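# Geometric and topological summary
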Amino acid sequence: MSNSSIQQTPPARQLSTLMLLRSPVRMLERHGDTWLVVPDLCAAVGIESKLKREWNEVPEMERDVDFFKTDSGKDEMLKIISVTGLPYLLRNEPILLASKVLQWAQLSLCTEAA
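Computed from a predicted model, the values in this text were never measured in an experiment.

### A look at the overall build of the protein
When you go through the protein residue by residue, the secondary structure sums to four helices and five strands. Beginning at the N terminus, the succession of helices and strands in the protein can be written as β-β-β-α-α-β-β-α-α. Long-range pairs, those at least 24 residues apart, make up 49% of the contacts in the protein between residues at least 6 apart in sequence. Accessible surface, the protein: about 7,900 Å² in total, of which carbon and sulfur atoms supply 54%.

### Thoughts on the packing of aromatic side chains
Evaluation of the coordinates by the stated rule reveals zero aromatic pairs. One residue, Arg26, lies across the ring of Phe68, its end atom 5.1 Å from the ring centre.

### Remarks on a nonpolar patch on the surface
Together, Val65, Phe67 and Met77 give the surface a local cluster of nonpolar side chains, amounting to about 280 Å² of exposed area. Note that Phe67 resides in strand E4 (residues 63–69). Using a relative accessible area of 45% as the deciding quantity, one classes Phe67 as partly exposed.

### Focus on the side chain of Glu54
Its location among the elements puts Glu54 in helix H2 (residues 52–57). Accessibility expressed as a relative area gives 6% for Glu54, which makes it buried. Ignoring sequence-local partners within four residues, the contact set of Glu54 consists of Tyr88, Leu89 and Asn92.

### Quick look at the confidence of the model for the protein
Confidence in the prediction of the protein, expressed as mean pLDDT, is 80, and 80% of residues score 70 or more. Mean pLDDT across the secondary structure elements of the protein bottoms out at strand E1 (residues 15–20), with 74, and peaks at strand E5 (residues 75–82), with 92. Per-residue pLDDT stays below 50 along residues 1–12; that stretch engages in one contact with residues further than four places along the chain or on separate chains.

### With respect to the side chain of Arg63
As for its position among the elements, Arg63 is in strand E4. Buried within the structure, Arg63 lacks any salt-bridge partner; Glu60 is the closest side chain of opposite charge, at an N-O distance of 4.1 Å. Of the polar contacts made by the side chain of Arg63, one reaches the backbone oxygen of Val58; its length is 2.7 Å. Each residue touching Arg63, except ones within four places of it in the same chain, is listed here: Trp35, Trp55, Asn56, Val58 and Ile80.

### Some thoughts on the environment of Glu93
For Glu93, the position within the fold is in the loop between helix H3 (86–89) and helix H4 (95–113). Given the relative accessible area of 13%, Glu93 is considered buried.

### Things to note about the pairing of strand E2 (residues 23–30)
Bridge analysis of E2 against strand E3 (residues 33–37) gives four bridges, and the strand direction is antiparallel. Paired with Met27 across the bridge in E3 is Leu36. Here E2 folds back onto E3, and the loop between the two strands holds two residues, one of which, His31, carries a positive phi near 55°.

Criteria and cut-off values
- Residues numbered from 1 in each chain as written.
- Predicted model: local features only at pLDDT ≥ 70, side-chain atom pairs only at ≥ 80, totals over all residues.
- Heavy atoms only, no water.
- Helix = DSSP H or I, 4+ residues; strand = E, 2+ residues; numbered from the N terminus.
- Contact = heavy atoms within 4.5 Å.
- Areas by Shrake-Rupley, 256 points an atom, 1.4 Å probe, with all protein chains shown as cover.
- Phe/Tyr/Trp six-rings, centres within 6.5 Å; stacked < 30°, edge-to-face > 60°.
- Lys NZ or Arg CZ within 6 Å of the ring centre and 35° of its normal.
- Patch = residues over 30% accessible without salt bridge, like charges linked within 9 Å, V, L, I, M, F, W, Y side chains within 5 Å.
- Salt bridge = Lys/Arg side-chain N within 4 Å of Asp/Glu carboxyl O.
- Buried < 20%, exposed > 50% of the residue type's maximum accessible area, 1.4 Å probe, protein only.
- pLDDT = per-residue confidence, 0-100.
- Lys, Arg positive; Asp, Glu negative; His and termini not counted.
- Polar contact = N/O pair within 3.5 Å; in protein donor to acceptor, adjacent residues only side chain to side chain.
- Pairing = 2+ DSSP bridges.

Shown next as structure tokens:
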């Protein structure tokens, strides 16, 4: 059997949805850390995905991509960010908006842990 025919099954992950300003933001647990789906987060707070520079400034350990099923059943690759990486992503947003998102993320973590 060749190595190319061996496929690893990714570990099952817990995916949940939180609400931010009445918009859903998908969240997942990965290695004990909470990660948020960046396009959901951007849509919820009304910032465009113009965050390319900010994305590149997020430490690599705090940003990644993951695959999500679309309504049609296809896999879609989306950017995800850890809660620790949020300040880097939001660094050029208005301070009030950034602080509210960070506060929301911390409160959501506390609620999920309870």
